[in-house]
Amino acid sequence: MKIVVSNHKMNLTLSEVESYHHELLTLKTKNKIIVCPSFPYISILKNDTYHLGAQNVFHLTEKNTTGEVSAKQLKSLGVEYCIVGHSERRDKFSETDSDINQKIILLQKENITPILCIGETLEEKPNKETILKNQLKKDLENIDITSIIVAYEPIWSIGTGMIPTTSEIMTTIKFIKNYIKENHNSDIIVLYGGSVNDNNIDTLKTISEIDGYLIGGASLDTNKFKTIIEKLEVI
Ligand code: PGA
């Protein structure tokens, strides 16, 4: 069973998300599908076919915080998963590893599974292992990692159409799994994210180290998204 996460980011209007939802309700799959829509749509997408995820959560519990959403509120909407540490948030909102660590703590209190995104920029690629190790160390400090999903997303691959080679992905995912084993004495689910689409999924699905995929652009088109899921039925 693979985990397939659709990250809508800031896409889709209400009518678009409604037809997306209806298309997805016809899905029959043995894989676990998690859809992360924009906040306003979460409550109308509750269903029994796919799982609901959020794209973000606030890292503090201070209720007088205009414009933010808490883990408790997400829980009350039926959210089971939440993306944290996406590179777009680290970059555009200057989210720190300590903020991300706090988000994970608050999500776990509500029994929401964090999907922790880590990854390196193109400039950082030669020092990739140090970068990833640093993110894992700080983001997961004092965290019970039994209910964590890690998404390895090379930043240079997100939305660019470029993906690492099969052997690069294999090595990096092995590296992440080994790091967690050595430091937390546990196995971990690791997804790959970055320009996954209905064509390259044929190659990506041959990499057995990958436990699933975090998909942005290609998951917005239900035809492409369904093709990806169909292709994953046969491994
Ligand atoms: P992409 O986005 O599939 O459009 O590259 C992935 C992500 O940002 O999670």
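Residues numbered from 1 in each chain as written. Predicted model: local features only at pLDDT ≥ 70, side-chain atom pairs only at ≥ 80, totals over all residues. Heavy atoms only, no water.

A. A look at the packing of helix 4 (residues 97–109) against helix 5 (residues 128–139). Between helix 4 and helix 5, whose axes approach to 8 Å, the crossing angle comes to 50 degrees. Of the possible angle classes, the one that applies to helix 4 and helix 5 is oblique. Note on element contacts: helix 5 touches helix 4 through Gln 135, Lys 138 and Asp 139, opposite Asp 97, Ile 100, Asn 101 and Ile 104. Split into classes, the residues belonging to the contact of helix 4 with helix 5 amount to two nonpolar, two polar and three charged. (Axes fitted to C-alpha atoms, helices over the stretch in contact; angles between N-to-C directions. Helix = DSSP H or I, 4+ residues; strand = E, 2+ residues; numbered from the N terminus. Parallel < 35°, antiparallel > 145°, perpendicular 65-115°, else oblique. Contact = heavy atoms within 4.5 Å. Nonpolar A, V, L, I, M, F, W, Y, C, P; charged D, E, K, R; others polar.)

B. The arrangement of unusual backbone geometry in detail. Non-glycine residue Lys 9 carries a positive phi angle of around 55 degrees. Within the element layout of this structure, Lys 9 appears in the loop between strand 1 (3–7) and helix 1 (14–24). Even without a glycine there, the phi angle at Asn 111 is positive, about 60 degrees. By the secondary structure assignment, Asn 111 is in the loop between helix 4 and strand 5 (113–118). What makes Asn 111 exposed here is its relative accessible area of 62%. (Buried < 20%, exposed > 50% of the residue type's maximum accessible area, 1.4 Å probe, protein only.)

C. Highlighting the nonpolar core. Of all hydrophobic cores here, the largest spans 57 residues; its most connected members are Leu 74, Leu 136, Leu 140 and Ile 176. Ranked by residues supplied to this core, first place goes to helix 6 (residues 166–184) with six residues. If near-sequence neighbours (up to four positions away) are discounted, Leu 74 is found in contact with Phe 39, Ile 42, Ala 54, Asn 56, Val 57, Val 69, Val 79, Cys 82, Leu 107 and Ile 112. Ranked by size, the runner-up nonpolar core spans twelve residues in total, among them Ile 3, Cys 36, Ile 83 and Cys 117. (Core = buried A, V, L, I, M, F, W, Y, C linked by side-chain atoms within 4.5 Å.)

D. Main features of the site of the ligand. Around the ligand lies a shell formed by Asn 7, Lys 9, His 86, Glu 153, Ile 158, Gly 159, Gly 194, Ser 195, Leu 214, Ile 215, Gly 216 and Gly 217. Between Gly 159 and the ligand, the recorded distance is 2.7 Å, taken from a backbone N or O atom to an oxygen atom. Burial of the ligand by the protein chains amounts to 95% of its free accessible area of 280 Å². (Near = heavy atom within 4 Å. Polar contact = N/O pair within 3.5 Å; in protein donor to acceptor, adjacent residues only side chain to side chain. Areas by Shrake-Rupley, 256 points an atom, 1.4 Å probe, with all protein chains shown as cover.)

E. Structural context of the side chain of Asp 139. Tracing the backbone shows Asp 139 in helix 5. Asp 139 sits in the buried class, given a relative accessible area of 0%.

F. Region of interest: helix 4. Taking 1.5 Å of rise per residue, 13 residues should cover 18 Å, and helix 4 covers 19 Å from first to last C-alpha, within 8% of that figure. Regarding helix 4, the residues found buried are Asp 97, Asp 99, Ile 100, Asn 101, Lys 103, Ile 104, Leu 106, Leu 107 and Gln 108. The inward-facing, buried residues of helix 4 abut helix 2 (71–76), strand 4 (81–84), helix 3 (87–92), strand 5 and helix 5. Within two residues after helix 4, Asn 111 carries a phi angle of roughly 60 degrees, on the positive side. (Expected span 1.5 Å × (residues − 1).)

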